[in-house]
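Summary of structural features
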Amino acid sequence: MKTIKKRSWAEPYKMKMVELLKMTTEKQRLKAIKDAGYNTFLLPSADVYIDLLTDSGTNSMSDRQWSAFMTGDEAYAGSKSYYILEETIQKYYGYKYVVPTHQGRAAENILSQILIKKGDIVPGNMYFTTTRLHQELAGGIFADVIIDEAHDPLSEHPFKGNVDIAKLDKLVKKHGAKKIPYVCVATNVNMAGGQPVSMENLKELRAYTKKHGIRIIHDMTRVAENAFFIQQREKGYAKKTIAQIVKEICSYTDGATMSAKKDALVNIGGFMAINDWDVFEEARNLVVVYEGLHTYGGLAGRDMEAVAVGIVESLNDDHQKARVGQVEYLGHKMMEYNIPIVKPIGGHGIFVDAKAFLPHLTQDQFPAQTLAAELYVDSGVRTMERGIVSAGRKPNGENYYPKLELVRFTIPRRVYTQAHMDVIAESAAAVYERRKSIKGLKMVYEPKYLRFFQARFEKLK
Ligand code: PLI
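What follows deals with the overall build of the protein chain. Looking only at helices and strands, the protein chain features 16 helices and 14 strands. Here the C-alpha radius of gyration of the protein chain, 22 Å, is about what a compact globule of 461 residues would show, namely 23 Å. For the protein chain, the spread of C-alpha atoms along the three principal axes comes to 60 × 60 × 50 Å. By residue count, 59% of the 461 residues in the protein chain fall in the buried class. Put simply, 72% of the contacts in the protein chain that link residues at least 6 apart link residues at least 24 apart. Working note: accessible area of the protein chain is about 20,200 Å², and carbon and sulfur atoms make up 53% of it. Where the 64 positive side-chain charges of the protein chain centre and where its 54 negative ones centre are 3 Å apart.

What follows is the structure, given as structure tokens:
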């Protein structure tokens with residue numbers, strides 16, 4: 001008898017309810033994408049088969065989260081659910097004070113207004129669209145201090161999210177530490193392809209910022225995924241749990257903004273957390289202007305209950321192994337078909353290098369936007385542009401020209417099966433086969449803010 005060597009892993013959950021999907025024809029999809037101005041954000045989701053637009057708010061909640069929903073306290077003031085959320089954040093992340101918000105960008109708005117003064121420099125390990133916009137609206141100037149490898153889709157650096165302390169030091173020397181209200185450090189950097197920051201880098205950054213009296217604000221939207229990579233790749237962490245690693249990451253920072261719609265496995269929710277009482281006092285006052293009383297911040301009591309349970313579930317080692325494992329499965333499939341993807345494979349999705357996929361298109365012909373539209377037409381798989389359209393314009397009106405021109409295949413948590421992953425990779429391969437015949441796009445409508453959400457395009461002849 002043969003001995004079986006291979007042992008596959010599988011998800012630590014089973015399905016209790018399913019959502020039926022509509023299947024469409026290519027003719028229907030051609031019309032749908034034209035009507036949507038070749039922008040996948042403008043497609044009705046009813047016309048989408050596999051939705052990889054985002055991992056934000058698209059997660060499946062567990063039976064425990066749904067049960068927690070029923071225990072939500074909907075009191076306007078002093079909701080019991082707020083105290084449960086506060087206690088969970090204190091226990092698992094270690095931050096002292098918590099202001100709930102309806103989602104991440106609301107926390108970014110409040111924090112930016114409190115900490116940033118006009119003309120301040122805000123260094124960050126690559127930009128995120130909403131984060132940078134709120135920094136700019138508050139009068140700040142964003143400065144990218146991520147390591148150079150992050151801008152190279154082929155670099156296999158294990159921690160492409162790391163901050164380049166020399167770049168930061170240059171800014172401090174040029175502008176002075178007083179002009180830098182905080183360094184914004186995102187864990188598992190979204191725009192770099194879901195790439196982690198190492199613990200070593202965080203410790204160095206903490207030592208450097210302490211010396212200069214600069215805060216670190218943590219965009220902890222995908223902190224548990226970052227912790228998984230530290231566990232897998234960084235010396236000394238293989239035997240630590242995700243929960244232990246997450247707590248250590250947070251301990252090197254002074255506060256955080258969080259979109260709970262990602263790691264924390266809910267459909268809506270977020271918060272701002274901070275260790276400094278004075279900043280907290282201002283934040284809990286400002287939140288009543290934009291969101292609601294500081295004990296609900298734009299959320300229903302039931303939402304806060306679901307976030308609290310989701311935080312605990314996100315720190316489960318088997319959950320993260322399956323979550324990132326599914327993304328890796330898709331990445332390896334894509335590589336088998338020679339599709340150019342960002343390496344190493346990231347935590348929340350596969351990022352296809354549209355410049356390498358469609359080398360005959362210039363960046364002004366929107367290669368990533370074009371590719372996302374073509375993929376939809378091929379199979380009804382919806383992806384997202386993360387290139388020149390997402391990068392938008394500088395405060396002076398000039399276009400940003402990001403080095404990375406990517407299409408993001410974002411995997412919602414606990415939603416799709418391995419068979420879905422096969423369909424996705426095969427669709428990408430089919431489009432890759434006919435890549436030379438693909439024409440670019442021109443932008444015919446550009447909104448003022450975060451243009452990627454609502455811009456419209458036409459096909460070039
Ligand atoms: O979408 P919000 O407002 O809950 O969160 C904003 C936000 C902040 N930081 C990071 C790293 C994000 O990824 C993020 C939202 N991301 C979205 C919507 C995404 O599709 O990636």
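As a structural note, the neighbourhood of the ligand is formed by 17 residues, with Thr-54, Arg-105, Asp-219, Ser-259 and Lys-262 the closest of them. Contact distances for the ligand include 2.7 Å between a nitrogen atom and a side-chain N or O atom of Asp-219. Side-chain polar atom of Lys-262 to a nitrogen atom of the ligand: 3.0 Å apart, as the coordinates give it. Relative to its free-state accessible area of 460 Å², the ligand is covered by the protein chains to the extent of 94%. A per-element tally of the shell around the ligand places helix α4 (residues 104-115) first, with three residues. Its residues placed into classes, the shell around the ligand shows two nonpolar, eight polar and seven charged.

Next up on the list: the sheet that holds strand β11 (residues 384-386). Taken in spatial order, the three strands make up an open sheet running β9-β12-β11, and their pairing is antiparallel. At either margin of the open sheet sits one strand with a lone partner, and together these are β9 (349-353) and β11. Each adjacent strand pair in this sheet contributes to an overall mean axis angle of 30 degrees, direction not counted. Across five bridges, the pairing between β9 and strand β12 (residues 406-410) is antiparallel. When the sheet's bridge partners are listed, Asp-353 is paired in β12 with Leu-406. Sitting on the sheet, helix α12 (residues 317-336) touches β9 and β12, and the angle it makes with β9 is about 25 degrees.

What follows is about a nonpolar patch on the surface. Together, Met-15, Val-18 and Leu-20 give the surface a local cluster of nonpolar side chains, amounting to about 380 Å² of exposed area. One can find Met-15 in the segment before α1 (26-35).

This next bit is on the environment of Glu-11. Along the polypeptide, Glu-11 turns up in the segment before α1. Taking the C-alpha atoms as reference, Glu-11 lies 8.5 Å from Lys-321; in sequence the two are 310 residues apart. Sequence-distant contacts of Glu-11, that is, excluding residues within four places in its chain, are made with Ala-322 and Gln-326.

Every second residue of strand β3 (residues 121-124) is oriented toward a common face, with Ile-121 and Pro-123 on one face and Val-122 and Gly-124 on the other, all of them buried. Since β3 and strand β4 (residues 141-144) lie parallel, the crossover through helix α5 (residues 129-137) that links them has a hand, and here it is right-handed.

With that settled, consider the pattern of salt bridges. Proximity of charged atoms lets side chains of opposite charge pair with each other. With the rule as written, the count across this model stands at 24 salt bridges. Notably, a salt bridge pairs Lys-22 with Asp-47, separated by 3.0 Å at the nearest N-O pair. Highlighted residues: Lys-22 in the segment before α1 and Asp-47 in the loop between α1 and β1 (50-51), separated in sequence by 25 residues. Residue classification places Lys-22 among the partly exposed residues on the basis of a relative accessible area of 43%. On the accessibility criterion, Asp-47 (18% relative accessible area) is buried. Each of Asp-55, Arg-222, Glu-225, Arg-323 and Arg-413 takes part in one network of salt bridges that share partners.

Moving on to the side chain of Thr-131. Its location among the elements puts Thr-131 in helix α5. Once residues within four sequence positions are removed from consideration, Thr-131 is found in contact with Glu-108, Cys-184 and Asp-219.

This paragraph deals with the packing of helix α8 (residues 223-233) against α12. Look at α8 against α12: their axes get within 10 Å of each other, and the N-to-C directions meet at 90 degrees. In this view, α8 runs roughly perpendicular relative to α12, as classed from their interaxial angle. From α8, Ala-224, Glu-225, Phe-228, Phe-229 and Gln-231 reach across to α12, where they touch Asp-317, Gln-320, Lys-321, Arg-323, Val-324 and Glu-328. Partitioning the contact of α8 with α12 into residue classes produces four nonpolar, two polar and five charged.

Now for the nonpolar core. Looking at soluble globular proteins, one finds that nonpolar side chains tend to be buried together. Ranked by size, the top nonpolar core spans 57 residues in total, and within it Tyr-93, Met-220, Val-246, Phe-271 and Ile-311 carry the most contacts. Element by element, the count of residues in this core is highest for α8, at six residues. In this structure, Phe-271 is in contact with Ile-89, Tyr-93, Val-98, Val-99, Pro-100, Thr-101, Ala-107, Met-220, Ala-256, Thr-257, Met-258 and Ile-311, ignoring residues within four places of it in sequence. Of all hydrophobic cores here, the second largest spans 32 residues; its members include Leu-375, Ile-411, Met-421 and Tyr-432.

Residue Pro-344 follows Lys-343 across a cis peptide bond; omega there is -10 degrees. Along the chain, the position of Pro-344 falls in the loop between α12 and β9. Here the phi dihedral of Met-126 falls at roughly 75 degrees; this positive angle occurs in a residue that is not glycine. Its location among the elements puts Met-126 in the loop between β3 and α5. Backbone geometry at Leu-450 places phi at a positive 40 degrees, although glycine is not the residue there. Mapped onto the elements of the fold, Leu-450 is located in the loop between β13 (441-445) and β14 (456-459).

So, how was this worked out
- Residues numbered from 1 in each chain as written.
- Predicted model: local features only at pLDDT ≥ 70, side-chain atom pairs only at ≥ 80, totals over all residues.
- Heavy atoms only, no water.
- Helix = DSSP H or I, 4+ residues; strand = E, 2+ residues; numbered from the N terminus.
- Rg over C-alpha atoms; globule rule 2.2 N^0.38 Å.
- Buried < 20%, exposed > 50% of the residue type's maximum accessible area, 1.4 Å probe, protein only.
- Contact = heavy atoms within 4.5 Å.
- Areas by Shrake-Rupley, 256 points an atom, 1.4 Å probe, with all protein chains shown as cover.
- Lys, Arg positive; Asp, Glu negative; His and termini not counted.
- Charge placed at Lys NZ, Arg CZ, Asp CG, Glu CD.
- Near = heavy atom within 4 Å.
- Polar contact = N/O pair within 3.5 Å; in protein donor to acceptor, adjacent residues only side chain to side chain.
- Nonpolar A, V, L, I, M, F, W, Y, C, P; charged D, E, K, R; others polar.
- Pairing = 2+ DSSP bridges.
- Axes fitted to C-alpha atoms, helices over the stretch in contact; angles between N-to-C directions.
- Patch = residues over 30% accessible without salt bridge, like charges linked within 9 Å, V, L, I, M, F, W, Y side chains within 5 Å.
- Salt bridge = Lys/Arg side-chain N within 4 Å of Asp/Glu carboxyl O.
- Right-handed = clockwise from strand over helix to strand, strands pointing away.
- Parallel < 35°, antiparallel > 145°, perpendicular 65-115°, else oblique.
- Core = buried A, V, L, I, M, F, W, Y, C linked by side-chain atoms within 4.5 Å.

That's the geometry; what it means functionally is another story.
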